[in-house]
Amino acid sequence: MASDTFPAVAGSAPAQYHHGDLPNVLRQAAADLLAERGVAGFSLREVARRAGVSHAAPAHHFGDARGLLTAVAVEAFQYLTRASEAASSGIADPVEALARLARAYVTVSVEHPGHCAIAFRSDAVAVDDPAYHEWGQRAFGVLLSAIERLGRDRAPDLDVEMAAALCWATVQGLTTIHAPLEAMADRQDRTVPPIGDLAEDFTRLLVTGLVGPE
């Protein structure tokens, strides 16, 4: 599926839309709903209401709820791929490139919470969808390339795919626990570093564990 099938959208879905924009509006309305209510509170009827269209409109464009949720997940991976490519472009040091990738990842999770809430929900999206597979692999591929560079520079025997999976899982976990950590810290009159700073710190610790100190 072509990449321009899911163009980036910013802001909340408007009640009125220009001709040809309805799929875009429906995806954004779905992402906003996911950010507010999660997958459990998702419904095509509510998406249609927010987009200001008939109840049948989402099904007409996406088939069913799984189809629309898959489209939002594809868009999540597009955001992540583009942010990751931009963050690591031109960075010669592989450790610094990995740290920048980690910060880009959590930045996407903060800026697009609804999209990221559905990206890995294999129970709710069509994981065999070609676009879902393509963009998921592209997003992972940016990280994989950075790990490959690290291995060439510092650890020729490094299991690149395992190391990439570890880095991805760590930063994804941070997106889940950061808000609860902040809440606990507030109750104890403490502060938690910003999520982007933690993402970089966690990544540098992982690199030390994977290949040893420089």
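Here goes a summary of the coordinates provided. (Residues numbered from 1 in each chain as written. Predicted model: local features only at pLDDT ≥ 70, side-chain atom pairs only at ≥ 80, totals over all residues. Heavy atoms only, no water.)

**Digging into unusual backbone geometry**
Going by this rule: Numbered from the N terminus, helices here are DSSP runs of H or I no shorter than four residues, and strands are runs of E no shorter than two. Between buried and exposed lies partly exposed: a residue is buried under 20% and exposed over 50% of the maximum accessible area for its type, with that area taken using a 1.4 Å probe on protein chains only.
Located in the positive-phi region is aspartate 189, a residue other than glycine, with phi close to 55°. Residue position: aspartate 189 is located in the loop between helix H8 (160-187) and helix H9 (195-211). By relative accessible area, aspartate 189 is classed as exposed at 76%.

**Focus: empty space enclosed by the protein**
Heads up, the rule is: Only protein atoms enter the 1 Å grid used here. Points where a 1.4 Å probe fits but cannot escape make up a cavity, open sets with protein on both sides within 12 Å along at least five of seven lines make up a pocket, and a residue lines them when an atom lies within 4 Å of a point. Grid points are joined across faces, edges and corners, and a volume is the space filled by probe spheres set on the points.
One pass over the full model with this rule turns up one cavity of 30 Å³ or more. Roughly 150 Å³ of internal volume is contained in the largest cavity. Along the wall of the largest cavity there are 13 residues; nearest its centre are Leu101, Ala102, Tyr105, Leu143 and Trp168. Considering each element in turn, the lining of the largest cavity owes the most residues, four residues, to helix H5 (residues 94-111).

**What about the pattern of salt bridges?**
What counts is decided by this rule: Salt bridge, as applied in this entry: a Lys or Arg side-chain nitrogen positioned within 4 Å of an Asp or Glu carboxyl oxygen.
Taken as a whole and judged by the stated rule, the model has twelve salt bridges. For arginine 100, the salt bridge is made with glutamate 96, and the minimal N-O distance between the two is 2.9 Å. Within this pair, arginine 100 and its partner glutamate 96 are both found in helix H5, separated by four residues, close to a single helical turn. The exposure class of arginine 100 is partly exposed, given its relative accessible area of 33%. Across the salt bridge formed by arginine 103 and aspartate 197, the nearest N and O atoms sit 2.5 Å from each other. Of this pair, arginine 103 sits in helix H5 while aspartate 197 is found in helix H9, placing the two residues 94 residues apart along the sequence. Three or more residues joined by partner-sharing salt bridges are found here, namely Glu96, Arg100, Arg103, Asp197, Glu200 and Arg204.

**Brief notes about helix H2 (residues 44-51)**
Our working definition: The contact criterion used is simple: two residues touch if any of their non-hydrogen atoms lie within 4.5 Å.
In terms of burial, H2 is a largely internal element, six of the eight residues being buried. All of the buried residues along H2 are Leu44, Glu46, Val47, Ala48, Arg50 and Ala51. Among the structural elements, helix H1 (22-37), helix H3 (57-62) and helix H4 (65-88) are those in contact with the buried residues of H2. Looking one or two residues beyond H2, the residue adopting positive phi is glycine 52, at roughly 75°.

**What about the environment of threonine 175?**
Threshold: Residues adjacent in sequence count toward polar contacts only when both atoms are side-chain atoms; beyond that, a polar contact is any pair of N or O atoms within 3.5 Å, and within protein one must be able to donate a hydrogen and the other to accept it.
With respect to the helices and strands, the residue threonine 175 is situated in helix H8. Placed 68 residues apart in sequence, threonine 175 and threonine 107 show a C-alpha to C-alpha distance of 9.4 Å. At a separation of 2.5 Å, a polar atom in the side chain of threonine 175 contacts the main-chain carbonyl oxygen of glutamine 172.

**What to know about the packing of aromatic side chains**
What counts is decided by this rule: Between 30 and 60 degrees the pair is tilted, below 30 it is stacked and above 60 it is edge-to-face, where a pair is any two Phe, Tyr or Trp rings, Trp via its six-membered ring, whose centres lie within 6.5 Å. We call a charge positioned above a ring when the Lys NZ or Arg CZ atom is no farther than 6 Å from the ring centre and deviates by at most 35 degrees from the ring normal.
Evaluation of the coordinates by the stated rule reveals five aromatic pairs. Plain terms: the ring middles of phenylalanine 77 and phenylalanine 120 are 5.6 Å apart, the flat faces sit at 80° to each other, and that makes the pair edge-to-face. Here phenylalanine 120 lies in the loop between helix H6 (113-118) and helix H7 (130-154) and phenylalanine 77 lies in helix H4, a separation of 43 residues in the sequence. On the accessibility criterion, phenylalanine 77 (4% relative accessible area) is buried. Centroid distance phenylalanine 140 to tryptophan 168: 5.5 Å. Interplanar angle 40°. Geometry classified as tilted. Here tryptophan 168 lies in helix H8 and phenylalanine 140 lies in helix H7, a separation of 28 residues in the sequence. Given a relative accessible area of 12%, tryptophan 168 falls into the buried group. Grouped by ring-pair contacts, the aromatic residues Phe77, Tyr105, Phe120, Tyr132, Phe140 and Trp168 constitute a single cluster. One residue, arginine 138, lies across the ring of tryptophan 135, its end atom 4.1 Å from the ring centre.

**Quick word on the environment of alanine 76**
Tracing the backbone shows alanine 76 in helix H4. Alanine 76 sits 134 residues away from leucine 210 along the chain, and the two C-alpha atoms are 28 Å apart. Beyond its immediate stretch of four places on either side in the chain, alanine 76 contacts His115, Cys116 and Ala119.

**Digging into H1**
Filter applied, for reference: Multiplying 1.5 Å by the residue count of a helix minus one yields the expected span of that helix.
When the terminal C-alpha atoms of H1 are compared, their 22 Å separation across 16 residues agrees well with the 22 Å that a helix rising 1.5 Å per residue should span. Of all 16 residues making up H1, twelve are buried, and the element is well covered by its neighbours. Taken as a whole, H1 has its buried residues at Leu22, Asn24, Val25, Leu26, Arg27, Gln28, Ala29, Ala30, Ala31, Asp32, Leu33 and Leu34. Buried residues along H1 sit in contact with H2, H3, H4 and H6. Once H1 ends, the next one or two residues include glycine 38, with phi positive near 75°.

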